[in-house]
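Listed below, chain by chain, are the residues.
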Amino acid sequence: MVERYDWIPGEELLTVFYSLTVSIFAIGGMTGALLVGRLVTKYGRKGTLVRASVLVFIGGALMGFSRRCRMPAMVIAGRFITGVHSGISLSVVPMYLGEIAPKNLRGFLSLVPSIHICVGVFIAQVLGLSELLGKEEYWPLLLSLVVFPTTVQLMLLPWFPESPRYLLIEKGNVSATNAALKWYRPKGNFQGEVDEMQEEQRSLSSVQTVSVWGLLRDRCVRWQVITIVVVNIGMQLSGIDAIWFYTNDIFKNAGIPEPHIQYTTVATGAIEVVSGMLGCFTIERLGRRPLMIGGFLFMGFCCSGITVSVILQAELPFMRYISVGCVVGIIAGFCIGPGGVPFLITAELFKQSHRPAAYTVAGCLNWLSNFTIGFVFPFLENSTGPYCYLIFCVICLGVAVYTIFVIPETKNKTFMEISQMFAAKNNIPEEELTSKAHLKMALMNGYGTLVE
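### A closer look at the environment of Ile27
Argument step 1. Looking at the secondary structure, you find Ile27 in helix α2 (residues 11-52).
Argument step 2. Between the C-alpha atom of Ile27 and that of Phe371, which follows or precedes it by 344 residues, the distance is 6.4 Å.
Argument step 3. Setting aside residues no more than four positions away along its own chain, Ile27 makes contact with Phe80 and Phe371.

In structure tokens form, the structure reads like this:
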């Protein structure tokens, strides 16, 4: 701005620009989440992921050439576009993996993306070291590196089959379904899965596949909708975004010398990877509920620990190490369960007819909460100081309590069985869920609404 416009913005305006640059990614994510329902219905799960890849190349080019063009707005635009891609992918990837996985591996496969996110963050932190690409002249290159994993995806993903559940239940293509299942289960007997899909398909003959508005009004999935609202908002308002966005500031306030902060940040990235792998490899043994409850309780404890340690560190110097430990604890607790399980639960709590709309609602709330924290936290921290983390503590404890009393264990359950588990909470007779009325499925529009 100084070179191009000969204008030096004030400190408060710089804070607004910085917050906007950080949080515009979430606005793009929310935009992408709004498109999920239409895209997965029209193009399928795999088809949506392949087509959405072009957004990464556009966003990467804008960010990569922003310094050469001396236009900071290109960074903001590039982050928005890559945010749209992330909003689509963070909903479609777990949906795709949840539908192709056998029920005994659904949790494991659905948390694999969380590990890759952690690995991606860790690689970015390493490349961002001042000895590598952390210098001012190299940051456009660092931002544009997102195109490389996308290139790998474009070379491999088109060779994979489409989701068998999508092919059978939504497209009615039995031969393509069998071919896809044979590709994914070359040595297994998948007839039981086909029977389960057909049972779900018959149940949908009397339950219209719904739009977002229809999902919110459908009393048959009332508690499922409340659940995805609670866990997705709770995931972002748990304080993890404040930790991720402003880790350097937190470590600086804790008294860590500024030249050493970047290495501390890289160490937290390594802890993310280890914690994500721990959650991924234990979810099929422990279940969804223990990872959610334990993760949120531990995060709440660490949030309160940050408040106490920051208040006392002036009098007790060792407290600065406690605050750093609490930051690490929040990251570890998040990656073990709350960071990935909500996306899995969104897939498991709904049948094929409701799943695209459910992911649209969950994704929008997730990204809206992400934006809110990214934009508001600097001002919240300035006005309340360390006490702001008590807000996150209360939210974490609230989500943990909700999980204890409301969310059932879904490990090794089919989608039909999970729907029946919620029937009592929704005051819906199980016969109504499994009804095999002689109505035929009508054509679906972009959001999946039946047209009679």
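What follows continues from the structure just given.
### A closer look at the pattern of salt bridges
Argument step 1. With the rule as written, the count across this model stands at 9 salt bridges.
Argument step 2. With a closest N to O distance of 2.9 Å, Arg45 and Glu99 form a salt bridge. Pair noted here: Arg45 is in helix α2 and Glu99 is in helix α5 (residues 72-100), with a separation of 54 residues, a long-range link.
Argument step 3. What makes Arg45 buried here is its relative accessible area of 0%.

### A word on the state of the cysteines
Argument step 1. One pass over the full model with this rule turns up 0 disulfides.
Argument step 2. The thiol sulfur of Cys302 is not disulfide-bonded, and the nearest other cysteine sulfur, from Cys326, lies at 5.0 Å.
Argument step 3. You can see Cys388 has no disulfide; the closest cysteine sulfur is in Cys303, sitting 9.1 Å from it.
Argument step 4. The exposure class of Cys388 is buried, given its relative accessible area of 0%.

### Some remarks on unusual backbone geometry
Argument step 1. One non-glycine residue, Asn412, adopts positive backbone phi at about 60°.
Argument step 2. Structurally, the position occupied by Asn412 is in the loop between α21 (388-405) and α22 (415-421).
Argument step 3. Residue Asn412 is classed as partly exposed on the basis of its relative accessible area of 36%.

### Concerning the packing of α5 against helix α6 (residues 106-127)
Argument step 1. Contact pair α5 / α6: the axes reach a minimum separation of 8 Å and the direction vectors enclose 150°. Regarding the angle of α5 to α6, the classification is roughly antiparallel. By crossing handedness, the relation of α5 to α6 is classed as right-handed. Of the residues in α6, those touching α5 at Leu90, Val93, Pro94, Leu97 and Gly98 are Arg106, Leu109, Ser110, Pro113 and Ile117.
Argument step 2. Here the residues of the contact of α5 with α6 are counted per class, giving 7 nonpolar, 2 polar and 1 charged.

### With respect to the confidence of the model for the protein chain
Argument step 1. Looking at the protein chain, pLDDT values average 84 and 90% of them are 70 or higher.
Argument step 2. When pLDDT is averaged over each element of the protein chain, α21 comes out on top at 94 and helix α1 (residues 2-5) at the bottom at 54.
Argument step 3. Below pLDDT 50 for its whole length, residues 435-452 participates in 40 contacts with residues either more than four positions away or in separate chains.

### Looking at the packing of α6 against helix α19 (residues 341-348)
Argument step 1. Where α6 contacts α19, the two axes come as close as 9 Å, and the packing angle between them is 130°. As far as their axial angle goes, α19 and α6 are oblique. α6 and α19 meet at a crossing whose hand is right-handed. In this structure, α6 uses Arg106, Gly107, Ser110 and Leu111 to contact α19, whose residues at the interface are Val341, Leu344 and Glu348.

Definitions and cut-offs
Residues numbered from 1 in each chain as written. Predicted model: local features only at pLDDT ≥ 70, side-chain atom pairs only at ≥ 80, totals over all residues. Heavy atoms only, no water. Helix = DSSP H or I, 4+ residues; strand = E, 2+ residues; numbered from the N terminus. Contact = heavy atoms within 4.5 Å. Salt bridge = Lys/Arg side-chain N within 4 Å of Asp/Glu carboxyl O. Buried < 20%, exposed > 50% of the residue type's maximum accessible area, 1.4 Å probe, protein only. Disulfide = S-S within 2.5 Å. Axes fitted to C-alpha atoms, helices over the stretch in contact; angles between N-to-C directions. Parallel < 35°, antiparallel > 145°, perpendicular 65-115°, else oblique. Left-handed = near helix turned anticlockwise from the far one by under 90°. Nonpolar A, V, L, I, M, F, W, Y, C, P; charged D, E, K, R; others polar. pLDDT = per-residue confidence, 0-100.

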